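Letter by letter, the chains look like this.
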Amino acid sequence: MNELFGIIELIAVFSGVLLSRKFFGKKGLFAWVVIAGMCANLQVNKTITLFGIDVSMGNVMFASSFLATDMLSEIYGRKIAKKAVIAGVCALVFFIGFMQFTLAFNPSEYDVIKPAMSEFFQMSVRTTVASVAM
């Protein structure tokens with residue numbers, strides 16, 4: 001079943017890049033780079049098996065950012081593509097920073113999500129640092 005979902009995700013994600021360009025032009029591709037970076041760094045925490053190989057769930061989404069930046073570079077120039085990459089990195093850093101700030105709040109006595117959020121976003125810090133360091 002993972003193989004079917006993987007193929008569907010591949011088609012949906014890369015179609016999303018093309019539709020972002022078609023409907024929103026440069027801004028759509030710019031937004032895709034930001035969204036893809038954030039989604040990929042959240043998805044990377046899940047490992048799945050595809051065609052007998054264990055892979056990170058974020059691979060397809062991360063790869064789509066390459067298509068988007070290549071399109072930006074070819075159509076609008078290298079300078080614009082570089083700005084999109086920088087915007088993606090900044091958005092990711094801000095997102096993880098804000099999530100860490102969110103975790104610093106003391107939860108109410110009715111909160112049930114704090115342990116899961118803490119565990120998930122502690123892992124995201126490591127993946128974000130690794131992504132930005134590259």
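Look above for the structure.
Residues numbered from 1 in each chain as written. Predicted model: local features only at pLDDT ≥ 70, side-chain atom pairs only at ≥ 80, totals over all residues. Heavy atoms only, no water.

Brief notes about unusual backbone geometry
The line we're drawing: Under the DSSP-based scheme used, a helix requires at least four consecutive residues in state H or I and a strand at least two consecutive residues in state E, with every element numbered from the N terminus.
Although it is not a glycine, F51 sits at a positive phi angle of roughly 50 degrees. Note on placement: F51 falls in the loop between strand 1 (47–50) and strand 2 (53–56).

Section: the nonpolar core
Note the threshold: For our purposes a nonpolar core is just a set of buried Ala, Val, Leu, Ile, Met, Phe, Trp, Tyr and Cys residues, chained together by side-chain atoms within 4.5 Å. The rule is simple: take the accessible area with a 1.4 Å probe, protein chains only, and divide by the maximum for that residue type; under 20% is buried, over 50% is exposed, in between is partly exposed. Pairs of residues are marked as contacts when any of their non-hydrogen atoms sit within 4.5 Å.
V17, L29, W32, M61, A68 and L72 are the most contacted members of the largest nonpolar core, which totals 15 residues. Taken together, the elements giving at least two residues each to this core come down to helix 1 (2–43), helix 2 (59–76) and helix 3 (78–104). With seven residues, helix 1 is the largest single contributor of residues to this core. Aside from chain neighbours lying at most four places away, what touches A68 is V17, L29, W32 and V33. Formed by five residues, the second largest nonpolar core is a distinct cluster that contains I96, M99, L103 and F121.

Examining a positive patch on the surface
Defined as follows: Patch membership requires more than 30% relative accessible area and the absence of a salt bridge. Residues of like charge join within 9 Å; the nonpolar side chains Val, Leu, Ile, Met, Phe, Trp and Tyr join within 5 Å. Areas reported as accessible are Shrake-Rupley estimates using a 1.4 Å probe. Residue values count occlusion only from the protein chains shown. Salt-bridge detection follows one rule: a side-chain nitrogen of Lys or Arg within 4 Å of a carboxyl oxygen of Asp or Glu. We count Lys and Arg on the positive side and Asp and Glu on the negative side, and we leave His and both chain ends out. We put the charge of a Lys on NZ, of an Arg on CZ, of an Asp on CG and of a Glu on CD.
A contiguous patch of positive charge on the surface is contributed by K26, K27, K79 and K83. Elements represented by at least two residues in the positive patch include exactly helix 1 and helix 3. Tracing the sequence through the fold places K26 in helix 1. With a relative accessible area of 36%, K26 lands in the partly exposed category.

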